[in-house]
Structure formats: C-alpha cells, structure tokens
2 protein chains.
Amino acid sequence: MFLELRHLRSLIAIDAATNLARAAEQVHLTQSALSHQIKAMENYYGAPLFLRNTKPLRLTPAGLKILELARRVLPEIERAEKDLLRHAKGETGRLHIAIECHACFEWLMPVLDAFRKTWPEVEVDIRAGVSFDPLPALQKGEIDLVISSDPLELNDISFEPLFEYEARLVMAHTHSLANKSFIDPVDLKGETLITYPVRRQRLDVFTRFLQPAGIEPLAVRQSELTAVILLLVASQRGVAVLPDWVLLEATQKSSLATRPLTQHGMHGTLFAAVRRPESTMPFMRDFIDLARERGN
Amino acid sequence: MFLELRHLRSLIAIDAATNLARAAEQVHLTQSALSHQIKAMENYYGAPLFLRNTKPLRLTPAGLKILELARRVLPEIERAEKDLLRHAKGETGRLHIAIECHACFEWLMPVLDAFRKTWPEVEVDIRAGVSFDPLPALQKGEIDLVISSDPLELNDISFEPLFEYEARLVMAHTHSLANKSFIDPVDLKGETLITYPVRRQRLDVFTRFLQPAGIEPLAVRQSELTAVILLLVASQRGVAVLPDWVLLEATQKSSLATRPLTQHGMHGTLFAAVRRPESTMPFMRDFIDLARERGN
DNA sequence: AATTATCATGAGATTAATTCAAGATGTTTT
DNA sequence: AAAACATCTTGAATTAATCTCATGATAATT
C-alpha cells in the first residue's frame, strides 16, 4: 500500500501535459518534485512509468495502468469531496426529526414545507416512533433533532427553545364546563377524556394536572388523529386537552369552546433538541427559526 | 483536493474497530496520530466525522460518506496495485513482436507456443506490418520487441543476438544449378527468383548478393507463404533464397536441393531488439532464451 | 559545435505526519 | 461520591516525507 491520490493526480497531469515541467505546473509542484515522485513510484513497482526519450512523452504499460486507475478513481473522489464540502457548508445534510408530542404534526408540517423550499437537498424525515427513546437516539446519531417539552442539562445536546404554548381543555360549546372560566382537575371526574394513544407518562394532562390532584376521569378514549379527536369532542363524546396552536384554527371554524387548566393555565415551552456541534449548522438554524415562527 | 488514500484507510479501520486505539493499531499508527488525522479532516470539511460520546463509536453522515467512498475506491486501488507489482515482477506484461524477416514465422510460432506455456498472462502479439518502421515504433513503446538481422548502436535499444543463419539457394533437385557446389550471382541471370512480397531493400539476396554484382534475375515472382514458395520451387517454377532454418525440415521431406551463395556462404545473425530497461525483465529474457533454442 | 529542451540528481529546506506525554471527559466500579 | 478506567484530545518535540534549488546529464535542434 504505497499509492496515494497525489500520485494519481500527477500521472493525469503528466499524460495531459506530455512533458514533466508543464505537468508540474499543473499540480503546483516543481519539475524536480514530480521527477522525484515518479521515480519513487517506479522504484516501488520496479517498472518505468513512461519513456523519456520520446518527444511527446509516452506512458509505458505500467504507467497506462495507473493512468487508467486515476481516470476511474479521481472523479469519484472529487465528487465525494465536493459533496462533503457542501455538507459542511450545510447546503446538504440530513434532518431526521423525532417528535415526542403528538400534536406537533399540526405545526411541523407547514414548517417542513417551508424548510424544503430553501433546503431542497437536505434529507428530511419524521419519525414518530412511539417505541424508542428519542434522546439516546439523538446522542447516538440515529436521529438529528427531537421536539420535546422537557429540556435536560446535557453537555452534548443543546435544547433550543421554540415557542411557548398553553394546554387547554377543549369541549363542545354547549358543554356544561364551558360555563366555567377555567377548569379544575375535579371537573374532569365525570368526563370522558380523549387522548392520543400514548403512555400516560407522556401526557401533560395526567402528569401535570390530574395525577397531582389524584383525579381519574370517568373514561379515557384514544385516537391517533387530531382531527378525529376534535370531531369526537364536537359531537359530545368527550373532552380533550390540546395545545393552543392546535385549537387556534380549529375553534374558529367549529362550535368548540376552550378553557384554561387551573386559574393560571397550564403553560409549557417546546424545545428542539440537537447535538451541540450541529446546532450551528445553517440548515439547522434555519429550521429552528422557521419553527419559532411556526410557518406563519 | 485534500483527501488522500491514507484517510480512507483510516476511516475503514475506525469503522471496523469502533474505537480509535484499536483502529490505530490496524493502520500501524498511534492513537494520537489517528486523532490528529481525523481532526485535520474534520477541520477541512468543517464537520465532525464521528460521535465520540457513544460507546460503539458511531460515524456521522459525513463520516459515513467518506466510509462509503473508501469502500468503493480502496479495493480498486488495491487490485490495481497488486496487478502493477505482478507486472513488475514480470508475471504479466505485454510482448508485441514486430518481425522484419518474413521467414521468421517459421521458427517464431513454435517459440511462442512454448512461451505462452510459461507466461500465460503476458499479452503476446505479432505484427508483421509491412508498412511501418519497427525500430522507431519500438522506441516509442508501440511494440516491445523487433526481430532484425542488422543491429545498430542505439543507447535505448539493446540488440540481443539470437542465432546465426545461412541464406541458401533452394531449387528442385533436378535443377541444373544443383550440380554446382555453390552459387554465384551470375548463375541467377537466367532464373526466376521467388521472394516474399517486400521491397528489395529488405531482401538479402538483392542487397548482399545480386545488387553488388549488378545482376538482375530473369524474373521475380512473389509469394506470401513460405510453403507456397517451396511448392513453386519444387515444381520447377523458379528458385528462391531462404534461411537455413526454413530449409532444414523442408528439404528432408521433398525433392529439393540447397546450395550456399558464394563460396563461403551468405551468413547472418538474427537479433531481438528490445528497450534496454525491459531487456532484463524475466519474461523478456525467457523469450530470448527460447528463441535461441528455436523451440528445439 | 553550440544551443535548446527536458529529465535526473543530490543536498538542504520545508512541510507534514507521527509520536510522546499529559490532559479532558465520560463511564464504571467500589 | 470518590476512585479507577477507558477513551479521545491536545501541544510540543521528533521524525519522516516531500519539496525546492541548483546543477548535471542527455538528446534533439540549430
């Protein structure tokens, strides 16, 4: 294993220039350096690479073999290198997003649409895998960004705040609870609560509202789709707790009412968790900025 | 253009070892050297190549890209390098032979048959191109060996003597000249001379025998094939001058007589002309040795 | 024979790569 | 929680490889 790309580049230059001195210029070396380099190769392989006593300098079979190799290999290297540099400049890259909050689809989709317009070469993917733990996957490089509402102090992961939200109870506007200005945990004791089909641990209504008060709703129904949940609520089959960004649009167009949880409301902040070294990459910054504007 | 094969080799090792220290061993470096090397790459491309805070060390997208490149390119390089080394050791190579003397086919064929048995990987070719000048072509690398009977003092070409030969007149054994013990130029004045279809300049009968004496034969007929020439001679359609190695076998089996030209015979030596640097290559030496034995 | 064009060579200079020794950092063990 | 461990990083010193400079050699050209 002696060959280096430098040698291949030299051979291409020599073949093109048909003369060592000019070839040397082409690869930004002195004629002497090239001569030494070739000699080293000839030494190693034990065969001359070109005939010197011929006007348009001529490669020997061995020389031709290396030239051929160079012609095959170098363009590939060059292409890869260009790609890598673009990668670094951030023109291209990978953005595999994991979302912990189910409702985030609502704002994520328009954001991604906008994102793709500026960064068509970045490979975007959303992984709503319910099963896997997103943060370790982020640390391991399996995914590139996690949307999360509870930031941790990690030295390899940076949590970028995106925006605040308020989780509100949503119900039919004819619902009795619509008469209250805010909702207490006990109010849900006789209600059917409709949630996304995930563990309770990952639902703020339970962890931050009902469980602290020791309250269990009458029943829990689950639905995958936000639109379905809203339909069920509208048709009086139950109530749900959803973040305000979901409700903003939905309540305007239908007969739904929303009320804050507790007197002061249940507020939270959404974060984008990314690996620190990548947190400054242009397309990453741009995604975060877009998310902050939520596609408006 | 920063990348060198060294980098590709390192990346492959790192991926395989999943740990810098072990990877370093594999490429015969210290762990520190590898670290520096990787850092240089990361620096150049402006992107990390692998995640350090993960137990089985994991490549980033950029790292994977280089790894992929390495997997594509390195085997090709390795193959080419092996081939080149074999080339140098002479196990493989090219032997394009140009023959100046037409009759040489007679002994060359059996020699080449023997040669191919020992050097199956050497690409053999015979070029009896009547048109081109073989020595310049040899100097230019278009061909690799010239069979010639007149050596020159050239510093890039070596003339290796193969064997001596005698050019003799061949005729039907009933021919009147068969009564003479040797042939004088004037003897051919009334004869039809059968030759190979080449310029007179390249025929010894003319340059060394008839022209010095100012003699022109009655007629000249030409034939491409030695066998045909001998048939014509046997059927009394003329006489021919051929080297003894052709005649040895032929005269034994048919009613042909041969006589020396001039009292002392017209002798010559056959040479193999090769480029000096290649004159020591194993398969070249072997070819020359085989030619000297003329396949016996 | 002198001139020109080209490649080769050796010595010294320069640059790049590698090692060494110590330092960080994160993980596992006690 | 501290200690021990595994692993990568860093900076300085060393070594090795590569390059340049100046000149030599050779062959082709004038």
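The structure displayed is predicted, hence computed values, not measured ones.

### Topic: the overall build of chain A
Part 1 of the argument: Along the backbone of chain A there are ten helices and eleven strands.
Part 2 of the argument: Against the globule reference of 19 Å for 296 residues, chain A gives a C-alpha radius of gyration of 31 Å, more extended than a compact globule.
Part 3 of the argument: Its C-alpha atoms put chain A at 100 × 35 × 25 Å along the principal axes.
Part 4 of the argument: Here chain A, with 296 residues, has 50% of them falling under the buried criterion.
Part 5 of the argument: In chain A, once contacts between residues fewer than 6 apart in sequence are set aside, the share between residues at least 24 apart is 73%.
Part 6 of the argument: For chain A, the separation between the mean place of its 35 positive charges and that of its 37 negative charges on side chains is 6 Å.

### What to know about the protein's contact with DNA strand C
Part 1 of the argument: The environment of DNA strand C is formed by 18 residues, the closest being Leu20, Ser32 and Arg52 of chain A together with Thr30 and Ser32 of chain B.
Part 2 of the argument: Sugar plus phosphate: this is where 60% of the atoms of DNA strand C within 4 Å of the protein reside.
Part 3 of the argument: Between DNA strand C and the protein, one listed contact pairs a phosphate oxygen with a side-chain N or O atom of Ser35 of chain A at 3.0 Å.
Part 4 of the argument: Here a phosphate oxygen of DNA strand C and a side-chain polar atom of Gln37 of chain B are 3.4 Å apart.
Part 5 of the argument: Going through the elements one at a time, α2 (20–26) and α3 (31–45) of chain A together with α3 (31–45) of chain B are the ones with two or more residues in the surface near DNA strand C.
Part 6 of the argument: In terms of residue count, the dominant contributor to the surface near DNA strand C is α3 of chain A (five residues).
Part 7 of the argument: Taken together, the residues of the surface near DNA strand C sort by class into five nonpolar, ten polar and three charged.

### Re the interface of chain A and chain B
Many authors give the size of an interface as the accessible area that is lost as the parts come together.
Part 1 of the argument: Counting from both sides, the interface comprises 41 residues of chain A and, opposite them, 41 residues of chain B.
Part 2 of the argument: Across the chain A-chain B interface, the total number found is six salt bridges.
Part 3 of the argument: Close ionic contact of Glu4 of chain B with Arg9 of chain A constitutes a salt bridge, the shortest N to O distance being 3.5 Å.
Part 4 of the argument: Listing elements by their share of the side of chain A that touches chain B, those giving two or more residues are α1 (5–17), α3, α4 (61–89) and α6 (134–140) of chain A.
Part 5 of the argument: Per-element tally for the side of chain A that touches chain B: the top contributor is α4 of chain A, with 17 residues.
Part 6 of the argument: Here the residues of the side of chain A that touches chain B sort into 20 nonpolar, six polar and 15 charged.

### A few points about the packing of aromatic side chains
Residue and element names in this part refer to chain A.
Part 1 of the argument: With the rule as written, the count across this model stands at 24 aromatic pairs over all chains.
Part 2 of the argument: Arranged with centres 4.5 Å apart and planes meeting at 15°, the rings of Phe2 and Tyr44 form a pair that is stacked. Of the two residues, Phe2 is situated in the segment before α1 and Tyr44 in helix α3; the sequence distance between them amounts to 42 residues.
Part 3 of the argument: On the basis of relative accessibility, which here comes to 23%, the residue Phe2 falls in the partly exposed class.
Part 4 of the argument: Exposure remark for Tyr44: the relative accessible area of 32% places this residue in the partly exposed category.

Thresholds, definitions, all that
What you see as residue numbers is a count from 1 along each chain, following the sequence as written. Starting at A for chains and at 1 for ligands, labels are handed out in the order in which the entities are written. Only residues with pLDDT of at least 70 get local features here, since the model is predicted, and only at 80 or more are side-chain atom pairs given and counted; chain-wide, interface and lining totals rely on the full set of residues. With hydrogens and water stripped out, all remaining heavy atoms of the structure feed into the side-chain values. Runs of H or I in DSSP of at least four residues are treated as helices and runs of E of at least two as strands, each being numbered from the N terminus. We take the radius of gyration over the C-alpha atoms and set the globule estimate at 2.2 Å times the residue count to the 0.38 power. Note on classification: 1.4 Å probe, protein chains only; a residue is buried when its accessible area is under 20% of the maximum for its type, exposed when over 50%, partly exposed between these limits. By definition in these notes, contact holds between two residues if any of their heavy atoms fall within 4.5 Å. A positive count includes Lys and Arg, and a negative count includes Asp and Glu. His and the chain ends are not counted in either. Here the site of a charge means NZ on Lys, CZ on Arg, CG on Asp, or CD on Glu. Note on terminology: near, applied to a residue and a molecule or strand, indicates that one of the residue's heavy atoms is within 4 Å of it. In protein, a polar contact means a hydrogen-donor-capable atom and an acceptor-capable atom, both N or O and within 3.5 Å, with residues adjacent in sequence counting only if both atoms are side-chain atoms; elsewhere, any N or O pair within 3.5 Å suffices. As a working rule, the residues Ala, Val, Leu, Ile, Met, Phe, Trp, Tyr, Cys and Pro are called nonpolar, Asp, Glu, Lys and Arg charged, and the rest polar, with Gly in that last group. For salt bridges, the criterion is a side-chain nitrogen of Lys or Arg within 4 Å of an Asp or Glu carboxyl oxygen. Two rings from Phe, Tyr or Trp (for Trp, the six-membered ring) form a pair when their centres sit within 6.5 Å of each other. Planes less than 30 degrees apart are called stacked, planes more than 60 degrees apart edge-to-face, and all others tilted.

Keep in mind these numbers describe shape, not what the thing actually does.
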